[in-house]
Amino acid sequence: MIKQFIGSAAFLMVVTGMAVGHYLSADKISHKKAFSDVVAVTGIVSPSLSTAFYEPAFLGEEIEHPASPQMQSLNRMEFVYAE
Amino acid sequence: MIRIEDVGKRFGEGENLFEALKSITLEVEEGECVILSGISGSGKSTLLSLIAALDRPSSGKIVVEGELVSKLPDLHASAYRAKTIGVIFQHFNLIESLSVEENVIVPLINSGLDMPAIRKMAEQSMQRASILHKASQDVASLSGGEKQRCAIARALVNDPKVILCDEPTANLDRENSLRFIDTIQKLNQAGKTIVIATHDPLFEALPFESRVIHMADGMIGKHGE
Amino acid sequence: MLSRSPFLHFLTLLLFKQKSKHLGIMSISVVMIALVSAVLFISSSLQQTLQDTLDEQADFTVTRIEAGRPVSTPLAWADRIIEIEGVSQVAPRIHGRYFYAPREESFLVVGIDFFDEQGSKALESLVKGIDLKQFFAEESMIVGEGVKAFLQKHYYKDTFSFKTPRGQFKKVKIYEVLPGSLNLLANDMIIMPIGLAREIFGLKEDEVTDITFNVPNDAEWDNVIGKLHLVDYEIRVVEKREVEKAYENLYNYKGGIFLILYIIALLTLMLILYQRYAMVYSHERKEIGILRAVGWSIRDILKLKFYETMILVMSSFVIGTVAAYGYVFVLGAPILIEIFLGGANLENQVQMIPEVSFGTLGSLFLLYAVPFFAAVLIPSWRVAVIPPKEAMR
Ligand SMILES: Nc1ncnc2c1ncn2[C@@H]1O[C@H](COP(=O)(O)OP(=O)(O)OP(=O)(O)O)[C@@H](O)[C@H]1O
Ligand SMILES: [Mg+2]
């Protein structure tokens, strides 16, 4: 039994070591660089997530802003948890 | 040597108060074999458990091998059980999920010995109790007689001076009972002090020297020899 | 050496021989820990990435508001903003959501300026080997992975035809696809020359979506805001710190859905711990009595139970968290990520950057381990102190 136990403990240690190795070897710097490049190019920081599709409030309502007709403003939270 | 002086044991309180033992005084010499006989409920098991420090008397005192057992604090009581006493219980009280050998080593786990030494002692003990051939079998699958021999092996593994048996033959057929008596005789010859609680008439006429003490209603009545 | 220790021998013996007793509790704990830590991993990774990008954001964004609704911003404002003391890097932007009506999906179209030096440099490092002149000369676009996949599915291979508000179709070539590692930000993004974007949104020459600028000196901020409102009474100012605050709450594990998850996990933990607690009285009472009867002291019993519990707690926690780590950062958290991303937009294969908040993980461990130990040690102790004769009955 003791051999099985030491075997399982060693297995867990190896797996944990693999996770730690993966964590430490992750190339965060070039990732971060790529993200800041995107922001530098576009100036957009809002994540590419679900956005609520805003229906016009009443029939025949005009959409005044042709570029973002149905967008909610940035400081609203609904768009994250929408649907 | 076991000296029991004016020992009483009460259970419960108030209306439910029950006096299981009333002023027992008894002395067992070293190397002696004592048979406690008496009907069911006469207090035999209770007396044995007090000698083994598995419970404490309500009054009186018990001295075993010079140690005041009736007043021992836990740590010392445990050490006393581990070194001086070997108990064979009425219902064996084995750990069913473990094998015979694994049950036998249980009393030695905290003894400070290392594993090879413990294994060797367990093997000797199982040899003495003639259960060595079943060493690696799980207790749950043993027969009654084999379970008892396993219990004997566990009681002997720490080489105790005093061996206590509670109804050892209650679950055995005649053949196994005789075999048990044979084992007891050998232990007695080896100089162990033995106390057996039983109402099996087989023990009334043992083939070796023994003293029968009758118990009734939590009291001792001299009888026979 | 280790294998000669009788205590360890007996401990492992009990663990392996009575594994059915522990297996249920172990597996439920592992699932709960894995679930909770997976959520923690996802939220801390997303939060970290977003926080990083936020550092790059401009200090102020202004748009025009008409009766509470955003409308296109006059380009003329840019010249007036430049004149305000302490303002730098004023940049008019054209961007917006282009709705692909048949499926109610949308892309984020961003127009970029060839003459924006910083942006062009960043673009060159982002898309290796890009020929800027060619990109800006042609009607072409750089798209995110999600956009590419979406277009592929709808039989647009190398080009896509945008419909302008004037009712014309504008055919735009796909120049390049952005790497998948940027999906969190750029999955639904389309980058194109600013003139093209203006055409697609039907903005006039003197109109933009909004204007961004920086104010390097924090102390000037309130002053600048005051002056901005003098530019036009229809101006709406979004400060960077407002956006920051919004993001702080964005993937906060305290919020919404996750609160429910934690409550469920906590209830489950309490249930299994109660079961464990009851098990000591029902199954282990006799065993403890036997151990005590053959010479184990109360301390020996508690030591056995302590190490037994420690092995169970440690291994289930390690299995749970490592499994969650692999699930989130190696496999990309399939299914669970949907909760974070929502289902309204393009399918997003987000690649998460490993980010572990060890403090939270530590509290999770304590929250799990302390009640677990209590649920085993307290009843064990209470059984161990009764006379062995009683315990064995
Ligand atoms: N914990 C307890 N609480 C209340 N009464 C008890 C307790 N333990 C034992 N008794 C009572 O004490 C008396 C003596 O019990 P004991 O077990 O010693 O009898 P015994 O002589 O061993 O009987 P048997 O031959 O059936 O084993 C019994 O009447 C029993 O009911
Ligand atoms: Mg009895």
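Residues numbered from 1 in each chain as written. Chains lettered and ligands numbered in written order. Predicted model: local features only at pLDDT ≥ 70, side-chain atom pairs only at ≥ 80, totals over all residues. Heavy atoms only, no water.

Chemist: Explain the overall build of chain C residue by residue, including any values.
Modeler: When helices and strands are tallied, chain C shows 15 helices and 12 strands. Computed over its C-alpha atoms, the radius of gyration of chain C comes to 31 Å, more than 25% above the 21 Å expected for a compact globule of 393 residues. Its C-alpha atoms put chain C at 95 × 50 × 40 Å along the principal axes. Burial status across chain C gives 56% buried among its 393 residues. Counting only contacts in chain C whose residues sit at least 6 apart along the sequence, the fraction spanning at least 24 positions is 78%. Approximately 17900 Å² of chain C is accessible, and the part contributed by carbon and sulfur atoms is 60%. Taken together, the 39 basic and 43 acidic charged side chains of chain C have centroids lying 16 Å from each other. (Helix = DSSP H or I, 4+ residues; strand = E, 2+ residues; numbered from the N terminus. Rg over C-alpha atoms; globule rule 2.2 N^0.38 Å. Buried < 20%, exposed > 50% of the residue type's maximum accessible area, 1.4 Å probe, protein only. Contact = heavy atoms within 4.5 Å. Areas by Shrake-Rupley, 256 points an atom, 1.4 Å probe, with all protein chains shown as cover. Lys, Arg positive; Asp, Glu negative; His and termini not counted. Charge placed at Lys NZ, Arg CZ, Asp CG, Glu CD.)

Chemist: I'd like to hear about the overall build of chain B, residue by residue, with values.
Modeler: Across its full length, chain B holds six helices and 10 strands. Each of the three principal axes of chain B carries a C-alpha extent, and together these read 50 × 40 × 35 Å. For chain B, the residues scored as buried account for 54% of the 225 residues in total. When contacts within chain B are restricted to residue pairs at least 6 apart in sequence, long-range pairs at least 24 apart make up 70% of them. Carbon together with sulfur atoms contributes 49% to the accessible area of chain B, which is approximately 10000 Å² in total.

Chemist: Now, about empty space enclosed by the protein: what can you tell me, with residues and values included?
Modeler: A full pass over the atoms with the stated rule returns six cavities of 30 Å³ or more. When its volume is computed, the largest cavity comes out at roughly 80 Å³. Taken together, R81, I85, G86, V87, F89, P107, R154, A155 and N158 of chain B together with A293 and V294 of chain C make up the full set of residues lining the largest cavity. The set of elements that each furnish at least two residues to the lining of the largest cavity consists of strand 6 (85-88) and helix 5 (144-156) of chain B. Each residue belonging to the lining of the largest cavity can be placed in one class, and the counts come to seven nonpolar, two polar and two charged. As for the second largest cavity, its lining consists of V41 of chain A together with I112, D113, D116, G119, S120, L123 and F136 of chain C. With three residues, helix 4 (residues 117-126) of chain C is the single largest residue contributor to the lining of the second largest cavity. (1 Å grid on protein atoms, 1.4 Å probe; cavity = no way out; pocket = protein on both sides within 12 Å on 5 of 7 lines; lining within 4 Å. Points joined across faces, edges and corners; volume = space filled by probe spheres on them. Nonpolar A, V, L, I, M, F, W, Y, C, P; charged D, E, K, R; others polar.)

Chemist: Hey, could you go over the environment of L259 of chain C for me, with residue numbers and the actual values?
Modeler: Residue and element names in this part refer to chain C. If you trace the backbone, L259 turns up in helix 11 (residues 256-293). For L259, a relative accessible area of 43% corresponds to the partly exposed category. Separated by 19 residues in sequence, L259 and A278 have C-alpha atoms that sit 28 Å apart.

Chemist: Lay out the pattern of salt bridges with the relevant residues and their values.
Modeler: Tallying each qualifying case throughout the model produces 25 salt bridges over all chains. Residue E167 of chain B pairs with K44 of chain B through a salt bridge whose shortest N-O separation is 3.8 Å. Pair noted here: E167 of chain B is in the loop between strand 7 (162-166) and helix 6 (174-189) and K44 of chain B is in helix 1 (residues 44-51), with a separation of 123 residues, a long-range link. As a salt-bridge pair, E284 of chain C and R276 of chain C come within 3.1 Å of each other at their nearest N and O atoms. The pair E284 of chain C / R276 of chain C is uniform in exposure class, with both members buried. Taken together, the salt bridges that share partners define one network made up of K21, R276, E284, K305 and E308 of chain C. (Salt bridge = Lys/Arg side-chain N within 4 Å of Asp/Glu carboxyl O.)

Chemist: Report on the interface of chain C and chain B, specifying residues and quantitative values.
Modeler: Accessible area lost upon the coming together of the parts serves often as the stated size of an interface. Residue-level contacts link 28 residues of chain C with 31 residues of chain B. Interface area, chain C with chain B, both sides summed: about 2600 Å², of which 62% is carbon and sulfur. Of all residues in chain C, K17, V294 and K389 of chain C bury the most surface against chain B, accounting for 22% of the area lost on that side. The interface formed by chain C and chain B contains four salt bridges. (Buried area = accessible area lost by both parts, 1.4 Å probe.)

Chemist: A description of the packing of aromatic side chains should follow, citing residues and the corresponding values.
Modeler: Residue and element names in this part refer to chain C. This model, assessed by the stated rule, comprises 25 aromatic pairs over all chains. Summarising the aromatic geometry, the rings of F41 and F329 are spaced 5.7 Å apart at their centres and angled 40° between planes, so their arrangement reads as tilted. Of this pair, F41 sits in helix 2 (residues 19-54) while F329 is found in helix 12 (residues 298-330), placing the two residues 288 residues apart along the sequence. By relative accessible area, F41 is classed as buried at 3%. Ring plane angle 15° and centroid distance 5.4 Å describe the contact between F60 and F213, whose orientation is recorded as stacked. Within this pair, whereas F60 is found in strand 1 (residues 60-66), its partner F213 is found in strand 11 (residues 210-214), the two being separated by 153 residues in sequence. Taken as a pair, F60 and F213 share a single burial class, namely buried. (Phe/Tyr/Trp six-rings, centres within 6.5 Å; stacked < 30°, edge-to-face > 60°.)

Chemist: Describe unusual backbone geometry, with residues and values.
Modeler: All names here are of chain C. Backbone geometry at Y155 places phi at a positive 65°, although glycine is not the residue there. Mapped onto the secondary structure, Y155 falls in the loop between helix 6 (145-153) and strand 7 (159-163). Phi angles above zero are rare outside glycine, and A333 is one such case at about 50°. For A333, the position within the fold is in the loop between helix 12 and helix 13 (336-341).

Chemist: Give me the pairing of strand 8 (residues 193-198) of chain B: which residues, what numbers.
Modeler: Residue and element names in this part refer to chain B. Counting buried positions over the six residues of strand 8 gives six, a clear majority of the element. Residues T193, V195 and A197 line one face of strand 8 and the alternating positions I194, I196 and T198 line the opposite face, and both faces are buried. Where strand 3 (residues 33-37) meets strand 8, five bridges bridge the pair, whose relative direction is parallel. Residue L36 lies in a different strand from strand 8, and its bridge partner there is A197. (Pairing = 2+ DSSP bridges.)

Chemist: Account for helix 6 of chain C, with residues named and values stated.
Modeler: All names here are of chain C. Burial in helix 6 covers these residues: G146, V147, K148, F150 and L151. Looking at the buried side of helix 6, the elements it contacts are strand 4 (88-100), strand 5 (105-112), strand 6 (140-143), strand 7, strand 8 (169-177) and strand 9 (189-193). Among the residues trailing helix 6, Y155 stands out with phi positive, at a value near 65°.

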